[in-house]
Amino acid sequence: MSSNPVIAINQAKIANIPGSYETMMKIGPKVCITTASHPSFLGFEQLLQTGIHPMAGRYGGGAVDMSKTLNPVAMYQYTVWKDAASHEEMHHDNFNEIYELCGGCLDMVIEGPWEPLYEIIKSDLPQIMGMTDVPKILGDAFSKGQPVPKVALASQRTIAIGEHWVMDGHEKDFEAGAIATLTWMKENIPGMIGFMLLKQFGVSAIGSFQLDPEGAMKATLGANPPKYGTNYGSDKPNGPPIPAQTPTQYLVHMEWESPDHAHMGIAHAMVDYELRTIHNEGVMRHLDRGPYYMFFAPMMEQGLWRRKLVY
């Protein structure tokens with residue numbers, strides 16, 4: 001595993017009703033504040049699904065913008081950590097607080113939570129900036145004769161997440177093909193800001209609310225939480241106790257300037273002959289399942305963790 005941080009993604013589907021958004025804004029910041037009490041917590045991104053890529057998903061009934069009609073809607077909460085042990089330690093040490101806060105969200109949850117952890121295989125993500133930062137960045141680049149850098153404007157971009165399940169023994173070939181595909185896209189397609197390739201290496205039992213039977217069956221509204229415990233025991237784990245899912249799951253995380261850029265940009269893998277050849281042989285040839293792309297918009301984020309990436 002690389003020296004990069006690891007990312008835990010808490011995945012859930014929630015009811016697309018006004019009450020869900022009120023609950024998110026009420027409880028979400030409290031969860032973030034609690035999580036940030038751990039010294040190895042590096043940052044987070046909370047993403048809410050806005051649609052899918054109909055061509056990439058091969059579903060004709062889907063659309064880029066389904067924010068009003070999609071129900072339930074996916075909510076992905078990235079938390080970024082120095083290592084996997086730190087993530088599990090946070091959940092262990094703050095179990096009572098997290099249990100109470102998350103218990104206050106369950107009336108909007110349709111599926112989940114499920115919390116896999118991912119290794120960052122490759123990243124080409126820029127820093128997140130505000131509009132007032134851009135002139136200085138561009139001015140510095142011009143004055144030094146450097147290429148104009150890409151920046152990600154805070155809360156003004158579309159994030160596409162593509163799920164890929166890779167055939168056993170094909171992982172290295174897939175990684176090389178995916179990186180070649182994404183690099184070509186970054187260099188040639190307007191509106192692409194950056195990307196990450198993520199590989200799942202396990203699932204957090206307690207982050208997925210997979211408690212032991214005694215805890216799962218304890219009737220409480222959160223003020224009297226059960227004792228910390230899962231089917232893997234009550235000791236503090238050194239990493240995600242649930243094994244990595246098979247076949248191996250990879251996520252492609254892409255950032256685009258707008259939904260239209262993401263829609264047209266990803267479609268290049270089907271309609272541009274050069275890219276199609278790279279993608280077909282480097283990615284599609286190695287899959288058991290996928291790719292399926294969902295579109296997300298950032299809700300809340302603290303993106304300083306990007307400075308920790310070694311790529």
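The structure under discussion appears in the preceding block.
Peer 1: I'm lost on the nonpolar core in this one. Help?
Peer 2: Where a protein is soluble and globular, its nonpolar side chains tend to be buried together. Core analysis: the largest hydrophobic core is formed by 26 residues, its most contacted members being Phe174, Met185, Met254, Trp256 and Ile266. Of all elements in the fold, only strand 8 (158–166), helix 6 (171–188), strand 9 (192–203), strand 10 (248–256), helix 8 (259–271) and strand 11 (287–302) reach the threshold of two or more residues within this core. The element best represented in this core is helix 6, accounting for 5 residues. Leaving out residues up to four positions away in the same chain, Met254 has contacts with Thr158, Ile159, Ala160, Leu182, Met185, Met192, Gly194, Phe195, Ile266 and Tyr293. If you look at the next biggest cluster of nonpolar residues, it comprises 24 residues, including Trp81, Cys105, Met108 and Met300.

Peer 1: It is not clear to me how helix 8 should be interpreted in this structure. Could you clarify?
Peer 2: Because each turn of an α-helix spans 3.6 residues, side chains separated by three or four positions end up pointing in the same direction. With 13 residues, helix 8 should cover 18 Å at 1.5 Å per step; its first-to-last C-alpha distance of 18 Å lies within 8% of that length. What helix 8 keeps buried is the set Ala262, Gly265, Ile266, Ala267 and Ala269.

Peer 1: Can you walk me through the packing of aromatic side chains in this structure?
Peer 2: Two measures describe an aromatic ring pair: the distance that separates the ring centres and the angle between the ring planes. The tally for this structure, following the rule as stated, stands at 6 aromatic pairs. Relative to Phe296, the ring of Tyr76 has its centre 4.9 Å away and its plane inclined at 40°; by these criteria the two rings are tilted. Here Tyr76 is found in strand 3 (residues 73–81), whereas its partner Phe296 is found in strand 11, with 220 residues between them in sequence. Of the residues examined, Phe296 reaches a relative accessible area of 0% and is grouped as buried. The interplanar angle of 40° and the centroid separation of 5.7 Å between the aromatic rings of Phe95 and Tyr99 together place this pair among those described as tilted. Pair noted here: Phe95 and Tyr99 are both in helix 4 (residues 95–103), with a separation of 4 residues, about one helical turn. Considered together, Phe95 and Tyr99 belong to a single accessibility category, that of buried residues. Among the aromatic residues, ring-to-ring pairing joins Phe95, Tyr99, Phe209 and Tyr228 into one connected group.

Reading guide: rules and limits
Residues numbered from 1 in each chain as written. Predicted model: local features only at pLDDT ≥ 70, side-chain atom pairs only at ≥ 80, totals over all residues. Heavy atoms only, no water. Core = buried A, V, L, I, M, F, W, Y, C linked by side-chain atoms within 4.5 Å. Buried < 20%, exposed > 50% of the residue type's maximum accessible area, 1.4 Å probe, protein only. Helix = DSSP H or I, 4+ residues; strand = E, 2+ residues; numbered from the N terminus. Contact = heavy atoms within 4.5 Å. Expected span 1.5 Å × (residues − 1). Phe/Tyr/Trp six-rings, centres within 6.5 Å; stacked < 30°, edge-to-face > 60°.

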